[in-house]
Amino acid sequence: MRPHTSFIFDLDGTLTDSVYQNVAAWKEALDAERIPLAMWRVHRRIGMSGGLMLKSLSRETGLDISEPQARRLEDLHAEAYARLQGQIIALPGALQLLETLSEAGLNWCIATSGGVDTAKINLKALQLDIEQVNIITRDDVKYGKPDPDLFLAAAERMQVPIDECLVIGDAVWDMLAARRAKATGIGLLSGGYDIGELERAGALRVYEDPLDMLQHLDEIASRP
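Per an unreviewed UniProt entry, the protein carries the name HAD family hydrolase and comes from Pseudomonas azadiae.

Draft legend 1. Expanded view of the environment of lysine 142. Position of lysine 142 among the secondary structure elements: in the loop between β5 (135-136) and α7 (149-158). On the basis of relative accessibility, which here comes to 62%, the residue lysine 142 falls in the exposed class. Sequence separation of lysine 142 and lysine 120 is 22 residues, and the distance between their C-alpha atoms is 20 Å.

Draft legend 2. Just a negative patch on the surface, in detail. Among the surface-exposed residues, Glu67, Glu74, Asp75 and Glu79 lie close enough to one another that they form a single negatively charged patch. Relative to the elements of secondary structure, aspartate 75 occurs in helix α4 (residues 67-83).

Draft legend 3. Focus on the pattern of salt bridges. Overall, the coordinates contain six salt bridges when judged by the stated rule. The salt bridge partner of lysine 145 is aspartate 10, with a shortest N-O separation of 3.0 Å. Of this pair, lysine 145 sits in the loop between β5 and α7 while aspartate 10 sits in the loop between β1 (6-9) and β2 (16-17), and the two are 135 residues apart along the sequence. Here the two residues lysine 145 and aspartate 10 agree in accessibility, since each one is buried.

Draft legend 4. Main features of helix α6 (residues 116-125). Those residues of α6 that sit buried are Thr118, Ala119, Ile121, Asn122, Leu123 and Ala125. Considering only its buried residues, α6 is in contact with β2, α4, β3 (89-90), β4 (108-111) and β5.

Draft legend 5. Inspection of the packing of helix α1 (residues 19-32) against α4 at higher detail. Between α1 and α4, the least distance of the axes is 8 Å, while the angle of their chain directions is 135°. Taken as axis vectors, α1 and α4 run oblique relative to one another. Of the two possible hands of crossing, α1 and α4 adopt the one that is right-handed. Between α1 and α4, the contacting residues are Gln21, Asn22, Ala25, Trp26, Glu28, Ala29, Leu30 and Ala32 on the first element and Leu73, Glu74, Leu76, His77, Ala80, Tyr81 and Arg83 on the second.

Draft legend 6. Expanded view of the sheet that holds strand β7 (residues 184-188). In space, the six strands of this open sheet follow the order β5-β4-β1-β6-β7-β8, with parallel pairing throughout. Bordering the open sheet on either side are β5 and β8 (203-207), each of which pairs with just one other strand. Here helix α5 (residues 94-103) sits on the sheet and contacts β1 and β4; the angle it forms with β1, its principal contact strand, is near 155°.

Draft legend 7. Quick look at the environment of alanine 111. With respect to the helices and strands, alanine 111 occurs in strand β4. Residue alanine 111 is classed as buried on the basis of its relative accessible area of 0%. Between the C-alpha atom of alanine 111 and that of arginine 138, which follows or precedes it by 27 residues, the distance is 8.2 Å. Setting aside residues no more than four positions away along its own chain, alanine 111 makes contact with Ile8, Phe9, Asp10, Leu11, Ile136, Lys145, Leu150, Phe151 and Ala154.

Draft legend 8. Here's a closer look at the nonpolar core. Formed by 26 residues in total, the largest nonpolar core has its most connected members in Phe7, Phe9 and Met213. Going through the elements one at a time, β1, α5, β4, α6, β6 (165-169) and β7 are the ones with two or more residues in this core. Ranked by the residues each element gives to this core, the list is headed by α5, at four residues. Beyond its immediate sequence surroundings of up to four residues, phenylalanine 7 is in contact with Leu101, Leu106, Asn107, Trp108, Cys109, Met158, Leu166, Ile168, Met213, Leu217 and Ala221.

Rules and cut-offs
Residues numbered from 1 in each chain as written. Predicted model: local features only at pLDDT ≥ 70, side-chain atom pairs only at ≥ 80, totals over all residues. Heavy atoms only, no water. Helix = DSSP H or I, 4+ residues; strand = E, 2+ residues; numbered from the N terminus. Buried < 20%, exposed > 50% of the residue type's maximum accessible area, 1.4 Å probe, protein only. Patch = residues over 30% accessible without salt bridge, like charges linked within 9 Å, V, L, I, M, F, W, Y side chains within 5 Å. Areas by Shrake-Rupley, 256 points an atom, 1.4 Å probe, with all protein chains shown as cover. Salt bridge = Lys/Arg side-chain N within 4 Å of Asp/Glu carboxyl O. Lys, Arg positive; Asp, Glu negative; His and termini not counted. Charge placed at Lys NZ, Arg CZ, Asp CG, Glu CD. Contact = heavy atoms within 4.5 Å. Axes fitted to C-alpha atoms, helices over the stretch in contact; angles between N-to-C directions. Parallel < 35°, antiparallel > 145°, perpendicular 65-115°, else oblique. Left-handed = near helix turned anticlockwise from the far one by under 90°. Pairing = 2+ DSSP bridges. Core = buried A, V, L, I, M, F, W, Y, C linked by side-chain atoms within 4.5 Å.

Below, the structure written as structure tokens:
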């Protein structure tokens, strides 16, 4: 039978211009807990789940981040991110891309390392209602990226084989998780990683943003 391409989208930095707000929110949270860390180091881990990111930063800094402190950091990040939500907008072509897929009868789902509250902020920028879209959040799975759980859950939600899915993301963590899930990774430059990094992590193709991907959709999607 003819394969039918389905799409799994990351959210922050892939559909919405929100990566640097995310970095600023984590930096504010870390500063509040007196954990000195340069913003570029935070940026390199955006796309991981908050818990995995804090564990990684703990190893890098040599600091022992306790469970209570980790919970405080995640709460402080959520509060700071919410205050910055007015700056978050849809990336060029994001809405048109999702509408084009829907009109063509192609399945799509969003899979984000953020929790429900963070997802709602980003969906608002996309003019989408969380109750009316297929979405998997960090709250729905045991492990976040770079583990494959989010993408496997998204394929299951759409009731499609994971190997017929394209995973679209802006971070190396998306591409690594896609490889582990046996999906095909498509990279976007809108999160701050370069082409080489995304390709080395497994991206089959790399585009600038959702608009660029939309304009080259015939390169990666089977005809419905």
